[in-house]
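Take a look at the letters that make up each chain.
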Amino acid sequence: MIIIPEKYQPRLLNEIDKEGYLNWSLDFFTKNDILQNPSIDLTIQLEVTKAYKIYESVKNKESTFFAFLIWNLVKILPNHFCFNLRLFENNWYILDNPPIVIPIAIGGKERFSEMVLEDVNQLSYNDFIRQYRWNLENIRKGEGKRVEAVTYLLSCFIGNLPNLRFTSLTLHWQKNLIEGQPMFYFGERYWKKEKLYIPLAVKLHHSVTDPFVYSLLIQDFQNQFNNHS
């Protein structure tokens with residue numbers, strides 16, 4: 001029997017949180033009796049000039065800009081609970097502490113390994129960076145292992161393609177025992193007219209998210225840097 005680990009802090013979605021859009025979308029976009037693709041793929045060119053300036057002021061020898069963006073993104077996800085909703089065995093759960101899964105390119109026949117980061121919401125930036133770097137170095141030494149399917153599907157998936165300045169990216173999707181997972185992919189950052197941009201592709205499950213709530217997430221993400229003193 002598969003269960004959601006308690007460390008991910010699952011709780012059943014209640015009727016109050018379900019009111020409005022979710023009251024019909026949760027069922028409609030997970031119906032098995034109609035042919036549909038419940039995914040939305042969006043790619044934006046995210047301006048990160050202020051984010052990079054702040055990163056430059058706090059970075060250390062273990063830091064990466066990608067990890068800095070992850071930490072800030074994960075910190076605001078609890079404010080947008082739709083991104084933490086998962087359909088599991090016919091029940092919708094909110095995960096208050098979901099894992100983060102990051103694909104790591106290792107080359108060779110394997111091509112990729114995966115990094116699993118847990119309790120990110122509870123970590124300071126420096127503690128997060130230490131955990132990120134420790135996992136990354138172990139994976140590069142060949143000591144990583146593939147993530148379990150259930151952990152992967154419960155996670156918030158965040159990838160990095162630092163050598164690709166893509167303008168559109170469609171991420172793969174297949175129907176599984178868990179639905180609702182958001183997927184993010186950052187690309188190659190670049191300067192344009194003294195502003196720094198980075199491609200950001202996302203795959204949203206239409207039962208729980210849509211372009212409207214995604215735009216609110218992005219606004220909240222950028223406001224963290226705009227309001228930084």
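Chemist: Can you break down the nonpolar core residue by residue, with the values?
Modeler: Membership of the largest hydrophobic core comes to 46 residues, with the highest contact counts inside it found for Ile102, Phe128, Ile158, Phe184 and Tyr214. Top contributing element to this core by residue count: helix α4 (residues 65–76), with 10 residues. Leaving out residues up to four positions away in the same chain, Tyr214 has contacts with Leu42, Ile44, Phe83, Phe184, Leu200, Val202 and Leu204. Counting 18 residues, the second-largest nonpolar core is a separate cluster that includes Leu95, Phe157, Phe166 and Ala201.

Chemist: Could you give me a rundown of the environment of Ala105, with the residues and numbers involved?
Modeler: Residue placement: Ala105 occurs in strand β5 (residues 100–107). Under the relative-accessibility criterion, Ala105 is labelled exposed at 57%. Sequence separation between Ala105 and Asn160 is 55 residues, and the spatial gap between their C-alpha atoms is 9.3 Å.

Chemist: I'd like a description of the pattern of salt bridges, backed by residues and values.
Modeler: Counted according to the given criterion, the structure contains seven salt bridges. The residue Glu118 makes a salt bridge to Lys7 at a minimum N-O spacing of 3.1 Å. Placement of the pair is Glu118 in the loop between β6 (111–117) and α5 (125–140) and Lys7 in the segment before β1 (10–12), with a sequence separation of 111 residues. Residue classification places Lys7 among the partly exposed positions, given a relative accessible area of 45%. One salt bridge connects Lys59 with Glu56, and the closest N-O pair in it is separated by 2.9 Å. Given the relative accessible area of 41%, Lys59 is considered partly exposed. Judged by its relative accessible area of 36%, Glu56 is partly exposed.

Chemist: Explain the environment of Arg140 to me, and be specific about the residues and the numbers.
Modeler: Mapped onto the elements of the fold, Arg140 is located in helix α5. For Arg140, a relative accessible area of 61% puts it in the exposed group. Linking Arg140 and Leu69, residues 71 residues apart in sequence, is a C-alpha distance of 21 Å.

Chemist: Kindly report on the sheet that holds strand β4 (residues 91–95), identifying the contributing residues and their values.
Modeler: Strand order in the open sheet made by the four strands is β1-β4-β3-β8, with antiparallel pairing throughout. The sheet terminates laterally at β1 and β8 (178–179), the two strands that pair on one side only. Inspection of the sheet shows β1 paired to β4 by three bridges, in the antiparallel sense. Among the inter-strand pairings, Arg11 is bridged to a residue of β4, identified as Ile94.

Chemist: Which residues make up the state of the cysteines, and what are the values?
Modeler: Applying the stated rule across the entire model yields zero disulfides. There is no disulfide at Cys82, and the cysteine sulfur nearest it, in Cys156, is 14 Å away. Classification of Cys82 as buried rests on a relative accessible area of 13%. With a relative accessible area of 0%, Cys156 lands in the buried category.

Chemist: Can you explain the pairing of strand β9 (residues 183–186)? Please cite residues and give values.
Modeler: What you see with β9 is no split at all: Met183 and Tyr185 on one side and Phe184 and Phe186 on the other are buried throughout. Of the strand pairs in this sheet, strand β7 (residues 156–160) and β9 are connected by four bridges, and their pairing is parallel. In the sheet register, Gly159 faces β9, and the bridge partner there is Tyr185.

The rules behind each value
Residues numbered from 1 in each chain as written. Predicted model: local features only at pLDDT ≥ 70, side-chain atom pairs only at ≥ 80, totals over all residues. Heavy atoms only, no water. Core = buried A, V, L, I, M, F, W, Y, C linked by side-chain atoms within 4.5 Å. Buried < 20%, exposed > 50% of the residue type's maximum accessible area, 1.4 Å probe, protein only. Helix = DSSP H or I, 4+ residues; strand = E, 2+ residues; numbered from the N terminus. Contact = heavy atoms within 4.5 Å. Salt bridge = Lys/Arg side-chain N within 4 Å of Asp/Glu carboxyl O. Pairing = 2+ DSSP bridges. Disulfide = S-S within 2.5 Å.

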